[in-house]
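Chain by chain, the residues run as shown.
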Amino acid sequence: MEKEIKKLMRKYPDLESCFPAIILTVEALAAAYRKGGKILVCGNGGSAADSEHIVGELMKGFMMRRPVSDEVRVKLETAFPGEGDYLANHLQGALPAISLVSQTAVSTAFANDVAPDMVFAQQVFGYVKPGDAVIGISTSGSSKNVVYALQVAKALGATAIGLTGGDGGRMKDICDVTICVPYNSTPDIQERHLPIYHAICIALEEEFFSDSETAFPRSTDTCGA
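Summarised in this report is the structure supplied together with it. Each chain carries its own residue numbering, running from 1 in the written order of its sequence. Per-residue local features of the predicted model are confined to residues with pLDDT of at least 70, and side-chain atom pairs are confined, for both listing and counting, to 80 or more; whole-chain, interface and lining totals are unaffected and use all residues. To get the side-chain values, take all heavy atoms of the structure and skip hydrogens and water.

Throughout this description, the term salt bridge denotes a Lys or Arg side-chain nitrogen within 4 Å of a carboxyl oxygen of Asp or Glu. Inspection of the entire model under this criterion finds 11 salt bridges. Note that R34 and E207 form a salt bridge whose closest N and O atoms lie 2.8 Å from each other. Taken together, the residues R34 in helix 2 (residues 19–34) and E207 in helix 10 (residues 186–209) connect sequence positions 173 residues apart. Residue E77 pairs with R73 through a salt bridge whose shortest N-O separation is 3.5 Å. Note that E77 and R73 are positioned in helix 4 (residues 70–79) at a spacing of four residues, about one turn of the helix. Using a relative accessible area of 31% as the deciding quantity, one classes E77 as partly exposed. Each residue gets one of three labels from its accessible area relative to the maximum for its type: buried under 20%, exposed over 50%, partly exposed in between, using a 1.4 Å probe on protein chains only. R73 gets classed as partly exposed once you look at its relative accessible area, which sits at 23%. Look at the salt bridges and you will find they share partners, linking D14, E191 and R192 into a network. The way it works is that DSSP assigns letters per residue, a run of H or I at least four long becomes a helix, a run of E at least two long becomes a strand, and they are numbered from the N terminus.

The next point concerns the nonpolar core. Of all hydrophobic cores here, the largest spans 40 residues; its most connected members are I22, I39, L58, I196 and L204. Elements that contribute at least two residues to this core include exactly helix 1 (2–11), helix 2, strand 1 (39–43), helix 3 (46–58), strand 3 (133–137), strand 4 (159–165), strand 5 (177–181) and helix 10. No other element matches the 10 residues that helix 10 contributes to this core. By definition in these notes, contact holds between two residues if any of their heavy atoms fall within 4.5 Å. Each residue touching I22, except ones within four places of it in the same chain, is listed here: I5, L8, I179, I196 and I200. Counting 19 residues, the second-largest nonpolar core is a separate cluster that includes L40, V134, A158 and C175. Think of a nonpolar core as a cluster: buried Ala, Val, Leu, Ile, Met, Phe, Trp, Tyr and Cys residues, connected wherever their side-chain atoms sit within 4.5 Å.

Take the pairing of strand 4 next. Counting buried positions along strand 4 gives six out of seven residues, so the element sits mostly inside the fold. Between any two strands, pairing holds if DSSP finds at least two bridges. Relative to strand 4, strand 3 runs parallel, the two sharing five bridges. Each residue of the ladder has a partner; that of G136, found in strand 4, is G162. Looking at chain direction, strand 4 and strand 5 are connected through five bridges and run parallel. Its bridge partner lying in strand 5, L163 is registered against I179.

All quantities given are derived from atomic positions and should not be read as evidence of function.
What follows is the structure in structure tokens.
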């Protein structure tokens, strides 16, 4: 984690005020994973795309290869002789994460039948267990559907993480940790959210997959690596 934070500091010195919260976020998410938990992520517009991006980096190899364990390989080869080797060779270690913006059917049905500002909260209610973590992304920190999701998460014993800007809005009073980018313009905030969550995902990958056989070559284009 220290290596990634130092790299972030060199590239984005304007984010210095965010570094303590970034470290706390990595620690909180790592704690959730160690307990066998998962991460739920939500946001609107560009932050919805960021939600998908975060999940994509956690659920498969990002900067490192994540071969399955010998135990998993044996199970696959035993269960499916002839195909188990292919399955084992093409699966990658995953850090369980779900983007709440992806659930089109439940979101549109709930928005139409119940309340559109509760679509994320309903999914948190359905998915979350004590010890999980929920990341809410909102440049204002006050998007109602994200705030409601974080409130439900807190009430049900999950860790609430906010990724926002400015003064943190309502999220700062709800979340266990809030990363507030020191800008007020939406584009400025979103442009800095990406390197922040990239650093978080890399730190988590190194925490749980540092014994993997080989790291992917680091490049400037890491999206979908």
